[in-house]
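# Examination of the molecular architecture
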Amino acid sequence: DQFGKAVGVVNDGEKEKLAVLLEDETLVFITLPESEQTLPNPRLREIVNAKMGEAFPDIYSSLHIDVGQGVVYIQGTVPNFPLRREISRFLANLPMVRGNVDFLRVEPTHPVSDENLGNAALAILEDPASVIFNYSITVQGGRLQLKALYIHENSLIDIEKRLSELEGIRDLSLLLE
C-alpha cells in the first residue's frame, strides 16, 4: 500500500504475476516466486490422484478428479456423509490446492426412510443436554435441514457431528441463530 495497491493476479501463459496499480496509475506486473506459482493442471491432477488413491483406496475408483488453475473438482459417489466431508477437508488441506468444488453424491449402503432419519435427528435434538432450542427439521430425500436457535457455539460442533453421522443421511444443512 506504500507505493500502490495489488489489484489482481494474472497468468501470462507461463507464470503468474501480481498486478500492482501504482499511485501514478501505472500498472506493474511482478512475477510471483516459484513457491507461490500454481502447478500446471496435468501435474496437479497427477499429484491429487496419487494422494487420493493413498488416502481413500476403498472408494478412489468411484471418484473422478479434474483440476483447473489450482482448484480441484471432484465427482462421484460415496457411501456416507462423514466420508464426503472428510474428502473435502483432505483436499482443502493439500498445500498445492487453492480450493475444491465438491460434486460428490452420498449413496448410503443402507438407505433410511426420511421419517426414520427425522426421528433419529429428533432424538439427538431432544437430548436434555442439547443447546439447540426452538427448532424445526425438514427431511427430504435423505437431506436434513435444521433451523434452530442455540446457546453455546462450542457445543454446535458435537451436534453437527452427531447429525452428520446418522445412518442414511445424504446432506446436512444447519440454519442456526
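Description of the structure in this document. Throughout this document, residue positions are counted from 1 along each chain, in the order its sequence is written. pLDDT decides what is reported in this predicted model: residues at 70 or higher carry local features, side-chain atom pairs at 80 or more are listed and counted, and totals for whole chains, interfaces and linings draw on all residues regardless. Note that water and hydrogens are dropped before the side-chain values are worked out from all heavy atoms of the structure.

Let us look at the overall build of the chain. Each helix and strand in the chain was counted, giving four helices and nine strands. Where helices and strands are cited, they refer to DSSP runs of H or I of at least four residues and of E of at least two residues respectively, numbered from the N terminus. Along the chain, helices and strands appear, N-terminal first, in the series β-β-β-α-β-β-α-β-α-β-β-α-β. For 177 residues, the compact-globule estimate of 2.2 N^0.38 gives 16 Å, and the chain exceeds it by more than 25% at 22 Å. Its C-alpha atoms give the chain principal-axis dimensions of about 60 × 40 × 25 Å. Sequence-distant contacts, at least 24 apart, represent 48% of the contacts inside the chain between residues at least 6 apart. Accessible area for the chain stands at about 11000 Å²; split by element, carbon and sulfur atoms hold 50% of it. Here the radius of gyration uses the C-alpha set of atoms, whereas the globule reference equals 2.2 Å times the residue count to the power 0.38. We call two residues contacting when some pair of their heavy atoms lies within 4.5 Å. Here the accessible surface of atoms and residues is derived via Shrake-Rupley with a 1.4 Å probe, and residues count as covered only by protein chains that are part of the display.

Read from one edge of the open sheet, three strands run β7-β8-β9, paired in mixed fashion. The open sheet terminates on both sides in strands that have one partner only, identified here as β7 (132-140) and β9 (171-176). Across the sheet, the mean angle separating the axes of adjacent strands is 15° when strand polarity is ignored. DSSP-based pairing: two strands are paired if at least 2 bridges between them are found. The pairing of β7 with strand β8 (residues 143-150) spans seven bridges and is classified as antiparallel. From the neighbouring strand, Thr 138 faces β8, where its bridge partner is Gln 145. Every angle, taken between N-to-C directions, lies between 0 and 180 degrees, and every axis is a line fitted to C-alpha atoms, over only the stretch in contact when it is a helix. Against the sheet, helix α4 (residues 156-164) makes contact with β7, β8 and β9, and its axis sits at roughly 150° relative to β9, the strand it touches most.

Coordinates in, geometry out; function isn't part of it.
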